[in-house]
Amino acid sequence: MADLPDSDAPEDRTELAPRPLEAEPVVRRRTVLRSASVRFAVLYGLVFGISTIVLAASLRYTTLGLLSRQTEVAIRADGAGLLNHYRTGGIPGMVLALRNRIRENPDDSAIYLLVDPLGNRVIGNMSGWPQAVKQDNVLYSVPIEHFHKSSAAQLRAYALPDGDQLLVGRDIEMQVKLRRILRDAMIWALAAMVGLGVVGALVVRGLFSRSIGDITTTTRAIARGDLSKRVRRDYTGDEFDIMAETINDMLDRIARLMDGVRQVSNAIAHDLRTPIARARTRLEFAASHSTDADELRIAIERATGELDGVVRVFQALLRIAEIEAGARRSAFAAINLTPVIADLAEFYEAAAEERGITFDASWPDALNMIGDVDMLQQAIANLLDNAIKFAPDGGVVHLAARRDAESIEIHITDNGPGIPEADRTRATERFYRAEAARNTPGTGLGLALVAAIAQLHNGRIRLDDNHPGLRAVLVLPRDNPKPSAKLRERLLSATRRKSVVA
Amino acid sequence: MRILVVEDDKDVAGFVVKGLREAGHTIEHVDNGRDGLFLAASENFDAIILDRMLPGGIDGLRLLETLRAQDNATPVLFLSALGQVDDRVKGLKAGGDDYMTKPFAFAELLARVEALARRGKGEGPTTRLMVGDLEMDLLSRGVKRAGQKIDLQPREFRLLEYLMRHAGQVVTRTMLLEGVWDYHFDPQTNVIDVHVSRLRQKIDKPFESTLLHTVRNAGYMLRVEEP
Ligand SMILES: Nc1ncnc2c1ncn2[C@@H]1O[C@H](COP(=O)(O)OP(=O)(O)O)[C@@H](O)[C@H]1O
Ligand SMILES: [Mg+2]
């Protein structure tokens, strides 16, 4: 814990050695690229952009391409028509046809020019032969001066057998304008896309950092040792909310375990130190003061007894920890508790009789449930053990098992001192022993073990007043799926929802 | 009896070997799995005391599995610091006959290993058990002492049967708890003693000599008192 970096920059986690300060910006830039939200937004923008560009390009190609091909076809047909006129009527026929066409060309989109071999205009609506047009039967797209305004045209030249030259064309100013409009639109669209992409990225990033960022800060605080932090939930039931809930559940469990660890270490400090210290002093004293072998032997035997007690505590602690870790659920099986209870009743009846205690037990003919026999045996044994231990000589101890549709209840009652109301919740903690119990044998771990076993079976231990004495009730659900049902259901529904989204 | 001890901890091994020798057994000791497997496979032992975590590449579990795969049925008692329920289950599954966790009481180890070694030489299924003038008929479930019929509850019968099968050996409280009741926990009250003394009331009290003896710091033993 102590060597955790205390800066909250995430990149600090990967390096434990102190890093030179000037490296900071480099690492930060890499972090921006590494940020999942930014990557996600960039990817999103890229897909969006590429599809837009493809759409625009195909639009452009189809409209502009179609128009220019149409123009080309029109020019060809026009030229062929005029050549026909020439073939039948010679130059005069052609001039006539040209005059007609120029007249019937209201928007001046058609361009004609006939020049004699010397290059003088014979007829046409263009002032002069454009410089750029040099070859016959080739389609040129050139800027021209047309009716005193600059414009663009597609032109085609035809050489006539007598040396004259004919120029046929179409003004494509509209097409050029359209092209410009399309290009501008595409630029704007691109700009809008970039803008939207950036906004989208920011939104996604915001979403991420609200949900994941909160999780990150929470878990980091936990890692630093502040176990009280929890992830904020929005209760929408979406994936982030489920994740937050799951993480909070996990943190609750960690907190409980940590509490257990703290309790155990405190307890070890107190309850194990004492007998170890006693054994140690006894041995040390015997080593320096014993005068004969018998004295020494007695001291050693006592010390061994004390160490055995330490070992017993130690084993009980480990067993509780083992059960609390939940590892033992693998031994769950369908069982009938009736013979288990009958055997235990017979086993402890002897001990009760020895102390003049009236003991009676009753149980239904079948107590079927899912669980671990060995452990339930031990739990019931611990409760019987306590009842017989704390009942007065000549007292009364009852064991009664009942069942209903959902659960099995095992009641163990005695008429001893009982546990005061205020102490009952503490009684299942490790090492709890009432003041009055100090001089009875025991470790204070029996009820803690019962509670752990009950919890492993999704059940619980209830301690009530028996007026007088204690009524301990072990409540066990009969139907016990292996992992806790709530958890499994949540995991299942989360994956189900995820696959629908995917 | 000839017992193989496979244990790498010098102190534990020294103490176990010395104790077993004092009890009159012949002991071989090795401190790693490889030598252990070699000895166990090539020589005859009445029982093997086996640590689980051993140096030399072969741990206790592997050693035992290999041994059992060669149809070697020598009784094996695991002596291990791995004390969780799952560890015990693993050890017994691998073919172990008994499992003890460290730290342990030597008396318990001795009692258990002697019981194992003797069981290994079992005379086969019997229908009658005899200790001195005490007889038990396993078929009719009748018990007699000096020709006199003794009435026993079913559990008392099982307790006596266990003691008679281990006659002449020390039987610890834990052994009784496991062998007679099949309980694997540690009851804090002295319930076992109560059950034994009830049995004693029936089989010893009305008769001249005692058969069921208490062995200090260890447990009980059923044997004919030497005159
Ligand atoms: N049946 C009972 N009657 C009175 N007090 C009880 C009873 N059972 C438990 N207690 C109290 O709860 C404490 C914890 O019990 P437990 O965990 O079984 O430890 P232990 O039996 O080793 O003392 C006991 O020391 C005693 O003070
Ligand atoms: Mg107790």
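The structure under discussion appears in the preceding block.
Cut-offs and rules
- Residues numbered from 1 in each chain as written.
- Chains lettered and ligands numbered in written order.
- Predicted model: local features only at pLDDT ≥ 70, side-chain atom pairs only at ≥ 80, totals over all residues.
- Heavy atoms only, no water.
- Helix = DSSP H or I, 4+ residues; strand = E, 2+ residues; numbered from the N terminus.
- Expected span 1.5 Å × (residues − 1).
- Bend = angle between axes of the 7 residues up to and from the residue.
- Buried < 20%, exposed > 50% of the residue type's maximum accessible area, 1.4 Å probe, protein only.
- Polar contact = N/O pair within 3.5 Å; in protein donor to acceptor, adjacent residues only side chain to side chain.
- Near = heavy atom within 4 Å.
- Areas by Shrake-Rupley, 256 points an atom, 1.4 Å probe, with all protein chains shown as cover.
- Nonpolar A, V, L, I, M, F, W, Y, C, P; charged D, E, K, R; others polar.
- Phe/Tyr/Trp six-rings, centres within 6.5 Å; stacked < 30°, edge-to-face > 60°.
- Salt bridge = Lys/Arg side-chain N within 4 Å of Asp/Glu carboxyl O.
- Contact = heavy atoms within 4.5 Å.
- Axes fitted to C-alpha atoms, helices over the stretch in contact; angles between N-to-C directions.
- Parallel < 35°, antiparallel > 145°, perpendicular 65-115°, else oblique.
- Pairing = 2+ DSSP bridges.
- Buried area = accessible area lost by both parts, 1.4 Å probe.
- Patch = residues over 30% accessible without salt bridge, like charges linked within 9 Å, V, L, I, M, F, W, Y side chains within 5 Å.
- Lys, Arg positive; Asp, Glu negative; His and termini not counted.
- Charge placed at Lys NZ, Arg CZ, Asp CG, Glu CD.

Residue and element names in this part refer to chain A. Relative to the 26 Å expected for 18 residues at 1.5 Å per residue, helix H6 (residues 337-354) spans 26 Å between its end C-alpha atoms, a close match to the ideal helical length. At Tyr348, H6 shows its maximal kink, close to 25 degrees. Among all positions in H6, only Leu337, Thr338, Val340, Ile341, Leu344, Ala345, Phe347, Tyr348, Ala350, Ala351 and Ala352 are buried. The N-cap of H6, judged by a side-chain oxygen 3.1 Å from the amide nitrogen of Thr338 a few residues on, is Asn336. Remark: Gly356 follows H6 within two positions and exhibits a positive phi of approximately 70 degrees.

Between A:His467 and the following residue, A:Pro468, the backbone shows a cis peptide bond with an omega angle of -5 degrees. The residue A:Pro468 is located in the loop between strand S11 (460-465) and strand S12 (470-477) in this model. With an omega of -5 degrees, the peptide bond between B:Lys102 and B:Pro103 qualifies as cis. With respect to the helices, strands and loops of the structure, B:Pro103 is situated in the loop between strand S5 (98-101) and helix H5 (106-120). One non-glycine residue, A:Asn137, lies in positive phi territory at about 50 degrees. If you trace the backbone, A:Asn137 turns up in the loop between strand S2 (121-124) and strand S3 (139-146). Overall, A:Asn137 belongs to the partly exposed group, its relative accessible area being 46%. In this structure, A:Tyr235 is a non-glycine residue whose phi angle is positive, near 55 degrees. Along the chain, the position of A:Tyr235 falls in the loop between helix H3 (173-223) and helix H4 (239-289). By relative accessible area, which is 62% here, A:Tyr235 ends up exposed.

Another aspect to go through is the site of ligand 1. Lining the immediate environment of ligand 1, one finds 19 residues, of which A:Asn386, A:Lys389, A:Arg433, A:Thr443 and A:Leu447 sit closest. Among the chains of the assembly, those with residues near ligand 1 are chains A and B. A:Gly444 is positioned with one of its backbone polar atoms (N or O) 2.8 Å from an oxygen atom of ligand 1. If ligand 1 stood free it would expose 530 Å²; the protein chains cover 98% of that surface. Of all the secondary-structure elements, those providing two or more residues to the shell around ligand 1 are helix H7 (373-390) and helix H8 (446-456) of chain A. Here the residues of the shell around ligand 1 sort into nine nonpolar, seven polar and three charged.

In this section: the packing of aromatic side chains. When we look at a pair of aromatic rings, we describe it by the centre distance and by the angle of the planes. With the rule as written, the count across this model stands at seven aromatic pairs over all chains. Ring plane angle 40 degrees and centroid distance 6.4 Å describe the contact between B:Phe15 and B:Phe104, whose orientation is recorded as tilted. Here B:Phe15, found in helix H1 (residues 10-22), pairs with B:Phe104, found in the loop between S5 and H5; they are 89 residues apart in sequence, far enough to count as distant. Taking relative accessible area as the criterion, B:Phe15 reaches 45% and is therefore assigned partly exposed. A relative accessible area of 17% places B:Phe104 in the buried class. Aromatic pair B:Tyr183 and B:Phe185: ring centres 5.0 Å apart, planes at 25 degrees, arrangement stacked. Grouping residues by exposure puts B:Tyr183 and B:Phe185 together as buried. Through a chain of ring-to-ring contacts, the aromatic side chains of A:Phe347, A:Tyr348, B:Trp181, B:Tyr183 and B:Phe185 assemble into a single cluster.

What follows is about the pattern of salt bridges. Evaluated as defined, the whole model comprises 43 salt bridges over all chains. With a shortest N-O distance of 2.7 Å, A:Arg430 and A:Glu324 are connected by a salt bridge. With A:Arg430 in the loop between strand S10 (407-414) and H8 and A:Glu324 in helix H5 (residues 293-324), this residue pair connects regions lying 106 residues apart in the sequence. With a relative accessible area of 27%, A:Glu324 lands in the partly exposed category. For A:Glu349, the salt bridge identified is with B:Arg198, shortest N-O distance 3.5 Å. Taken together, the positions of A:Glu349 in helix H6 and B:Arg198 in helix H8 (residues 191-203) put the pair across two chains.

A few words on the side chain of B:Asp204. Counting through the fold element by element, B:Asp204 comes out in the loop between H8 and strand S11 (212-215). Filtering out sequence-adjacent residues up to four positions away, B:Asp204 remains in contact with B:Arg145, B:Ser209, B:Thr210, B:Leu211 and B:Leu212.

A pair of packed helices is characterised by two quantities: the angle between their axes and the separation of those axes. Residue and element names in this part refer to chain B. Running from amino to carboxyl end, helix H6 (residues 154-165) crosses H8 at an angle of 85 degrees, the nearest separation of the two axes being 10 Å. The orientation of H6 relative to H8 falls into the category roughly perpendicular. Each of Glu156, Leu159, Leu160 and Leu163 in H6 lies in contact with H8, whose residues at this interface are His195, Val196, Arg198, Leu199, Lys202 and Ile203. Split by residue class, the contact of H6 with H8 holds six nonpolar, one polar and three charged.

Turning to the sheet that holds strand S2 (residues 26-30) of chain B, a few remarks are in order. All names here are of chain B. Judged by pairing direction, the sheet is parallel, and its five strands sit side by side in the order S2-S1-S3-S4-S5 without closing on themselves. Edge positions in the sheet fall to S2 and S5, since each has one partner strand and no second. In this sheet, neighbouring strand axes are inclined to one another by 20 degrees on average, regardless of whether the strands run parallel or antiparallel. Two elements, strand S1 (residues 2-6) and S2, share five bridges in a ladder whose sense is parallel. From the neighbouring strand, Val6 faces S2, where its bridge partner is Val30.

This part covers the interface of chain A and chain B. In this assembly, 25 residues from chain A lie in contact with 23 residues from chain B. Counting each side, the surface lost to burial between chain A and chain B is near 2200 Å², with a carbon and sulfur contribution of 50%. Summed over the three residues of chain A that lose the most area to chain B, namely A:Glu322, A:Glu346 and A:Phe347, the buried surface amounts to 25% of that side. If you look at where chain A meets chain B, you find six salt bridges.

Turning our attention to a negative patch on the surface. All names here are of chain B. Where like charges cluster on the molecular surface, the negative patch consists of Asp8, Asp9, Asp11, Asp31 and Asp35. Looking at the element boundaries, Asp9 is found in the loop between S1 and H1. Relative accessible area serves as the criterion here: at 34%, Asp9 is assigned to the partly exposed category.

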